[in-house]
Amino acid sequence: MAARHFLTLNDMTTSELEQLLDHASRLRKEWRAGKTRDSLKNRVLAMIFEKSSTRTRVSFEAGMTQLGGAALFLSPRDTQLGRGEPIEDSAIVISSMVDAVMIRTFAHDTVETFAAASSKPVINALTDEFHPCQLLADMQTFREHRGSIRGATVAWIGDGNNMCHSYINAAEQFDFHLNVACPEGYEPDQSLLNAHSDRVTVVREPEAAARNANLLVTDVWASMGQEDEQKAREKAFRNYQINPALMSVAAKDALFMHCLPAHRGEEISTDMIEHPTSVVWHEAENRLHAQKALLEFLILNRLD
Ligand code: CP
Ligand code: NVA
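Source: prediction; values computed, not measured. (Residues numbered from 1 in each chain as written. Chains lettered and ligands numbered in written order. Predicted model: local features only at pLDDT ≥ 70, side-chain atom pairs only at ≥ 80, totals over all residues. Heavy atoms only, no water.)

Undergrad: Describe in detail the side chain of Ser59, supporting the description with residues and values.
TA: Structurally, Ser59 can be placed in helix H2 (residues 55-66). From its side chain, Ser59 meets the backbone oxygen of Thr56 in a polar contact 3.2 Å long. Those residues in contact with Ser59, other than ones at most four positions away along the chain, are Arg287, Leu288 and Gln291. (Helix = DSSP H or I, 4+ residues; strand = E, 2+ residues; numbered from the N terminus. Polar contact = N/O pair within 3.5 Å; in protein donor to acceptor, adjacent residues only side chain to side chain. Contact = heavy atoms within 4.5 Å.)

Undergrad: Give a description of the UniProt feature "domain: Aspartate/ornithine carbamoyltransferase carbamoyl-P binding" (unreviewed entry) in the protein chain that names residues and reports values.
TA: As recorded in UniProt, the feature "domain: Aspartate/ornithine carbamoyltransferase carbamoyl-P binding" (unreviewed entry) lies at residues 4-144. Here residues 4-144 is 45% helix and 13% strand, with 27 Å between the C-alpha atoms at its ends. (UniProt positions renumbered as here; feature names shortened; annotations may be inferred.)

Undergrad: Hey, could you go over the nonpolar core for me, with residue numbers and the actual values?
TA: Grouped together as the largest cluster of nonpolar side chains are 58 residues, with contacts concentrated most on Tyr167, Phe176 and Leu178. One finds Ala210, Trp221, Met247 and Ala284 within the second-largest nonpolar core, a separate group that totals 24 residues. (Core = buried A, V, L, I, M, F, W, Y, C linked by side-chain atoms within 4.5 Å. Buried < 20%, exposed > 50% of the residue type's maximum accessible area, 1.4 Å probe, protein only.)

Undergrad: Give me the environment of Leu72: which residues, what numbers.
TA: The residue Leu72 is located in strand S2 (residues 70-74) in this model. Relative accessible area serves as the criterion here: at 40%, Leu72 is assigned to the partly exposed category. Apart from the residues lying within four places of it in its own chain, the contact partners of Leu72 are Val44, Leu45, Ala46, Met47 and Val98.

Undergrad: Quick one: what's the story with a negative patch on the surface, residue by residue and with numbers?
TA: On the surface, a cluster of negative charge is contributed by Asp109, Glu112, Glu129 and Asp189. Considering the arrangement of structural elements, one finds Asp189 in the loop between strand S6 (177-181) and helix H7 (190-195). (Patch = residues over 30% accessible without salt bridge, like charges linked within 9 Å, V, L, I, M, F, W, Y side chains within 5 Å. Areas by Shrake-Rupley, 256 points an atom, 1.4 Å probe, with all protein chains shown as cover. Salt bridge = Lys/Arg side-chain N within 4 Å of Asp/Glu carboxyl O. Lys, Arg positive; Asp, Glu negative; His and termini not counted. Charge placed at Lys NZ, Arg CZ, Asp CG, Glu CD.)

Undergrad: Quick rundown of the sheet that holds S2? Include the residues and the values.
TA: Reading across the sheet, the four strands line up as S2-S1-S3-S4 and stay open at both edges, with parallel pairing between neighbours. Every interior strand has two partners, whereas the edge strands, S2 and strand S4 (122-124), have only one. Strand after strand, the sheet turns through a mean of 20° between neighbouring axes, direction not considered. Strands in contact with H2 are strand S1 (44-49), S2, strand S3 (100-104) and S4; relative to S1, the strand with the most contacts, it is inclined by about 170°. (Pairing = 2+ DSSP bridges. Axes fitted to C-alpha atoms, helices over the stretch in contact; angles between N-to-C directions.)

Undergrad: Can you lay out the packing of aromatic side chains for me, pointing to particular residues and giving the numbers?
TA: Here the structure, examined in full by the defined rule, presents five aromatic pairs. Here the aromatic rings of Trp156 and Tyr167 are separated by 5.8 Å at their centres, their planes lie at 40°, and the arrangement is tilted. Linking Trp156 in strand S5 (residues 153-157) with Tyr167 in helix H6 (residues 162-174), this pair joins segments that are 11 residues apart in sequence. The buried category is assigned to Trp156, whose relative accessible area is 0%. Measuring from centroid to centroid gives 6.1 Å for Trp221 and Phe237, while their planes differ by 15°, and the two rings are stacked. Placement of Trp221 in the loop between strand S8 (215-218) and helix H9 (230-236) and of Phe237 in the loop between H9 and helix H10 (244-247) is noted, with a sequence separation of 16 residues between them. Here Trp221 falls in the buried class, since its relative accessible area comes to 5%. A residue is classified by how much of its surface remains accessible, and Phe237, at 0% relative accessible area, is buried. An aromatic cluster of at least three residues, connected via ring pairs, comprises Tyr186, Trp221, Phe237 and Tyr240. Lys51 extends its terminal NZ or CZ atom over the ring of Phe106, reaching a point 4.7 Å from the ring centre. (Phe/Tyr/Trp six-rings, centres within 6.5 Å; stacked < 30°, edge-to-face > 60°. Lys NZ or Arg CZ within 6 Å of the ring centre and 35° of its normal.)

Undergrad: Explain the UniProt feature "binding site: L-ornithine" (unreviewed entry) in the protein chain to me, using residue names and the numbers behind them.
TA: Per the UniProt annotation, the sites labelled "binding site: L-ornithine" (unreviewed entry) are Asn162, Asp219, Ser223 and Met224. Across 63 residues in sequence, these annotated residues keep their C-alpha atoms within 11.5 Å of one another, forming a single compact spot. Taking the relative accessible area as the measure of exposure, Asn162 reaches 6% and is therefore buried. If sequence neighbours within four positions are ignored, Asn162 has contacts with Leu126, Thr127, Asp128, Glu129, Phe130, His131, Asp219 and Ser223. A polar atom in the side chain of Asn162 sits 3.0 Å from the backbone oxygen of Thr127. By the element assignment, Ser223 lies in the loop between S8 and H9. Take Ser223: its relative accessible area is 12%, and that puts it in the buried class.

Now the structure itself:
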């Protein structure tokens with residue numbers, strides 16, 4: 001049987017995603033209660049990082065260990081991938097020795113190429129285009145605080161980047177409406193917008209996106225790989241900040257999320273992470289639980 005991959009949220013059905021999130025919440029409860037679990041005993045996850053990470057690395061590595069398995073950190077600096085060994089050759093060899101492969105890289109087609117040659121599941125742990133693992137954690141967090149997100153309005157304030165693209169996929173999969181407020185020239189990918197035009201509204205004014213929304217989300221103005229654009233982006237995004245004033249136009253019980261790392265004073269005001277609407281620490285911890293559920297699904301084909 002061909003391996004199942006998780007390169008975008010569209011690699012799972014809505015029903016699978018919902019079961020996965022239920023399972024993730026169960027794993028969270030069990031883990032917090034001190035229960036141990038060895039569902040992935042003797043299993044190995046290879047983790048290829050071509051970009052920096054704190055949450056993704058710690059959550060996948062800790063998650064594998066907590067489930068009785070192990071994780072290998074592979075950097076292009078000290079593997080043959082960094083010296084030009086073809087992606088396909090690397091995929092055949094690495095996947096012949098481990099049970100799943102996680103990749104964080106630049107171009108999305110790198111994970112597609114790797115997955116096409118891999119005999120084991122491949123997980124996209126962030127590309128320039130998508131960050132689906134973060135959406136699992138975000139959707140789990142919303143459910144744990146507010147129940148189903150079906151029919152809700154989510155406001156994305158800022159860059160039409162990889163996180164925003166995964167929010168567009170989530171809007172389709174979880175049945176909510178996404179308002180995107182971004183400056184001209186920083187819109188999400190046009191073909192993705194065209195494919196989901198009934199789900200996504202792009203506006204210029206943050207207030208227009210945030211009004212009566214149930215969830216406000218943002219991300220850094222310059223993503224990894226865009227460091228040279230930092231100054232220009234600071235100028236373009238100056239008015240695209242989530243702060244208590246913007247939260248006050250949202251729905252009464254609205255939540256605030258940020259995938260982190262955050263730049264206080266840029267995309268969020270300095271007081272936003274501690275604001276009563278903020279669930280960012282819970283969201284960050286849920287990377288661990290959501291991905292443990294994902295690993296069990298991909299490696300063992302189980303969702304409970
Ligand atoms: N949110 C997220 O993916 O964080 P890291 O870059 O620290 O992994
Ligand atoms: N958009 C950000 C997300 C970091 C988790 C980036 O790609 O750098």
